[in-house]
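Remarks on the overall topology
Letter by letter, the chains look like this.
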Amino acid sequence: MKHSKPFSLELTDRVLRVTAFGVWTLVDAREYVRQMRLLVQPVINNDWACILDARLWKMSPAEVFSLLRDNTLWCYQRNLMYAVTLLPDDKMLQWQFIKTTEMEKPEGFVSRLAEDDLAAYALLRAAGYMN
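Residues numbered from 1 in each chain as written. Predicted model: local features only at pLDDT ≥ 70, side-chain atom pairs only at ≥ 80, totals over all residues. Heavy atoms only, no water.

1. Focus: the overall build of the protein
- Within the protein one finds 4 helices and 5 strands.
- Taken from the N to the C terminus, the helices and strands of the protein come in the order β-β-α-β-α-β-α-β-α.
- Its C-alpha radius of gyration of 14 Å places the protein within 12% of the 14 Å reference for a compact globule of 131 residues.
- For the C-alpha atoms alone, the extent of the protein along its principal axes is close to 35 × 30 × 25 Å. (Helix = DSSP H or I, 4+ residues; strand = E, 2+ residues; numbered from the N terminus. Rg over C-alpha atoms; globule rule 2.2 N^0.38 Å.)

Right, here's the structure in full:
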């Protein structure tokens with residue numbers, strides 16, 4: 001399945017779902033940050049959550065990770081308080097993800113891993129972010 005861009009974004013209730021595909025260039029990462037920040041504007045004044053589905057994501061250049069780290073910090077500063085991640089099987093990609101999100105987190109921030117969509121949505125419903 002070919003995607004027109006290497007990510008999809010969807011906001012439901014107070015949950016942003018990010019699905020990442022393939023290799024990201026710096027241009028892709030900048031566009032992701034731009035679109036994501038616009039999309040979450042309605043929820044950033046309250047606690048919100050995200051699902052990051054990185055199961056189809058591939059290794060990306062280092063400069064992409066610098067931008068994604070900055071964006072993660074931006075999200076923390078705007079009330080991102082719960083994250084559920086679906087990681088790829090690739091150990092190197094898991095390490096890259098950990099490095100991208102390795103920073104001081106807001107007090108009360110919750111991070112969970114899920115095996116699949118069903119588990120991810122169950123965690124968010126239980127935490128009160130979705131109906």
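Right, picking up where we left off after that structure.
2. Side note on the layout of surface pockets
- Its boundaries defined by the atoms lining it, the largest pocket holds a volume of some 460 Å³.
- Lining the largest pocket are 26 residues, and of these Tyr32, Leu52, Thr72, Phe97 and Thr101 lie nearest its centre.
- Top contributing element to the lining of the largest pocket by residue count: helix H2 (residues 62-77), with 6 residues.
- Classifying every residue of the lining of the largest pocket by side-chain character gives 19 nonpolar, 6 polar and 1 charged. (1 Å grid on protein atoms, 1.4 Å probe; cavity = no way out; pocket = protein on both sides within 12 Å on 5 of 7 lines; lining within 4 Å. Points joined across faces, edges and corners; volume = space filled by probe spheres on them. Nonpolar A, V, L, I, M, F, W, Y, C, P; charged D, E, K, R; others polar.)

3. As for the environment of Asp90
- Following the sequence through the fold, Asp90 ends up in the loop between strand S4 (80-86) and helix H3 (91-100).
- When the C-alpha atoms of Asp90 and Thr72 are compared, they prove to be 22 Å apart, with 18 residues separating the residues in sequence.
- Within the local environment of Asp90, its side chain forms a polar contact with the backbone nitrogen of Met92, the two atoms lying 2.7 Å apart. (Polar contact = N/O pair within 3.5 Å; in protein donor to acceptor, adjacent residues only side chain to side chain.)

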